[in-house]
Amino acid sequence: DVKVTQSSRYLVKRTGEKVFLECVQDMDHENMFWYRQDPGLGLRLIYFSYDVKMKEKGDIPEGYSVSREKKERFSLILESASTNQTSMYLCASSLYLGGTPETQYFGPGTRLLVL
Amino acid sequence: GENVEQHPSTLSVQEGDSAVIKCTYSDSASNYFPWYKQELGKRPQLIIDIRSNVGEKKDQRIAVTLNKTAKHFSLHITETQPEDSAVYFCAASIPGGYQKVTFGTGTKLQVIP
């Protein structure tokens with residue numbers, strides 16, 4: 001069974017703080033993704049990574065950065081948290097088998113509140 | 001980039017009735033269309049997917065249909081049960097080296113016992 005874990009379920013931070021969200025997967029997946037989920041907006045891709053130290057911007061990368069130093073770990077960084085970054089953050093991973101996408105396995109999510 | 005629209009945003013059905021959720025996509029190159037189910041307080045999980053070389057796929061009470069000409073695909077749930085109550089997301093993916101998918105905005109399905 002694929003297991004994707006996230007470092008925190010709930011997080012409360014102050015405006016301007018630097019925030020780290022961590023995601024770990026145990027199935028040796030090449031691809032990892034960070035999404036934010038907001039009511040009525042669905043799942044929006046922030047960043048994704050297809051290999052160690054490789055990253056690509058998603059649809060809403062502004063205000064975020066990522067780090068992937070090890071294959072199993074993908075970190076999302078909010079450089080200076082703002083109230084409009086209050087959201088549910090979901091990490092996902094998937095296997096790479098060639099050109100076509102494979103199932104994405106999601107973590108439990110981190111609900112971030114920025115005050 | 002790809003744009004996926006999903007309708008309706010909310011859907012209420014009586015237990016035992018059928019439910020249909022529809023999605024349209026913008027990029028005709030898209031060739032992979034998964035559906036994810038997210039129960040309240042839980043993570044999204046894949047329930048069914050379809051690739052562009054087929055027009056329909058079934059798995060027990062769930063089916064997905066794809067019309068590539070019209071660029072739309074639909075999820076059909078028959079004989080709905082209370083445990084089908086959840087948010088459903090459709091998605092589409094363009095072939096290529098990067099395996100990102102673009103999600104729709106979600107449909108909250110409520111099955112009334």
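Residues numbered from 1 in each chain as written. Chains lettered and ligands numbered in written order. Predicted model: local features only at pLDDT ≥ 70, side-chain atom pairs only at ≥ 80, totals over all residues. Heavy atoms only, no water.

**Student:** Can you tell me about the packing of aromatic side chains, naming the residues and giving the values?
**Tutor:** Applying the stated rule across the entire model yields 13 aromatic pairs over all chains. Taking the centre distance of 6.2 Å and the plane angle of 25° together, the rings of A:Phe33 and A:Tyr35 count as stacked. Each member of the pair, A:Phe33 as well as A:Tyr35, is classed as buried. Each ring, one from A:Phe106 and one from B:Tyr36, has its centre 5.6 Å from the other, and the planes form 85°; the classification is edge-to-face. (Phe/Tyr/Trp six-rings, centres within 6.5 Å; stacked < 30°, edge-to-face > 60°. Buried < 20%, exposed > 50% of the residue type's maximum accessible area, 1.4 Å probe, protein only.)

**Student:** How would you explain the interface of chain A and chain B if you had to name every residue and give the values?
**Tutor:** In this assembly, 30 residues from chain A lie in contact with 20 residues from chain B. For the pairing of chain A and chain B, the buried interface totals around 2100 Å² over both sides, and the portion due to carbon and sulfur atoms is 53%. Taken as a group, A:Leu43, A:Pro101 and A:Phe106 account for 28% of the area that chain A buries against chain B, more than any other trio of residues on that side. Between the two partners, chain A and chain B, sit one salt bridge. For the salt bridge of A:Asp59 with B:Lys100, the shortest nitrogen-to-oxygen distance reads 3.4 Å. Applying the counting rule to chain A against chain B returns six residue pairs in polar contact (both at pLDDT 80 or more). Taken together, the elements giving at least two residues each to the side of chain A that touches chain B come down to β4 (31–38), β5 (42–51) and β9 (87–94) of chain A. If one sorts the elements of the side of chain A that touches chain B by residue count, β5(A) sits on top with five residues. (Contact = heavy atoms within 4.5 Å. Buried area = accessible area lost by both parts, 1.4 Å probe. Salt bridge = Lys/Arg side-chain N within 4 Å of Asp/Glu carboxyl O. Polar contact = N/O pair within 3.5 Å; in protein donor to acceptor, adjacent residues only side chain to side chain. Helix = DSSP H or I, 4+ residues; strand = E, 2+ residues; numbered from the N terminus.)

**Student:** Please set out the pattern of salt bridges residue by residue, giving values where relevant.
**Tutor:** The tally for this structure, following the rule as stated, stands at twelve salt bridges over all chains. Through salt bridges with shared partners, one network takes in A:Asp28, A:Glu30 and A:Lys71.

**Student:** Break down the nonpolar core for me, with residues and values.
**Tutor:** If you look at the biggest cluster of nonpolar residues, it comprises 23 residues, and the most contacted ones within it are B:Trp35, B:Phe73, B:Leu75 and B:Leu109. Those elements that place two or more of their residues in this core are β2 (10–14), β3 (19–25), β4 (32–38), β5 (45–51), β7 (62–67), β8 (72–77), β9 (86–92) and β11 (107–112) of chain B. (Core = buried A, V, L, I, M, F, W, Y, C linked by side-chain atoms within 4.5 Å.)

**Student:** Which residues make up the pairing of β2(B), and what values do they have?
**Tutor:** Each regular strand displays side chains that alternate between the two surfaces of the sheet. Residues and elements named next belong to chain B. The side-chain alternation of β2 yields one buried face, formed by Leu11 and Val13, and one unburied face, formed by Thr10, Ser12 and Gln14. The pairing of β2 with β11 spans five bridges and is parallel. Directly across from Ser12, in β11, lies its bridge partner Gln110. (Pairing = 2+ DSSP bridges.)

**Student:** Give me the lowdown on the sheet that holds strand β1 (residues 4–7) of chain B, citing residues and values where you can.
**Tutor:** To summarise the sheet geometry, strands pair through backbone hydrogen bonds and adopt either a parallel or an antiparallel arrangement. All names here are of chain B. Taken in spatial order, the five strands of this open sheet run β1-β3-β8-β7-β6, and their pairing is antiparallel. This sheet does not close on itself; its edge strands, each paired only once, are β1 and β6 (56–59). Put simply, the sheet's adjacent strands are angled 15° from each other on average, direction ignored. (Axes fitted to C-alpha atoms, helices over the stretch in contact; angles between N-to-C directions.)

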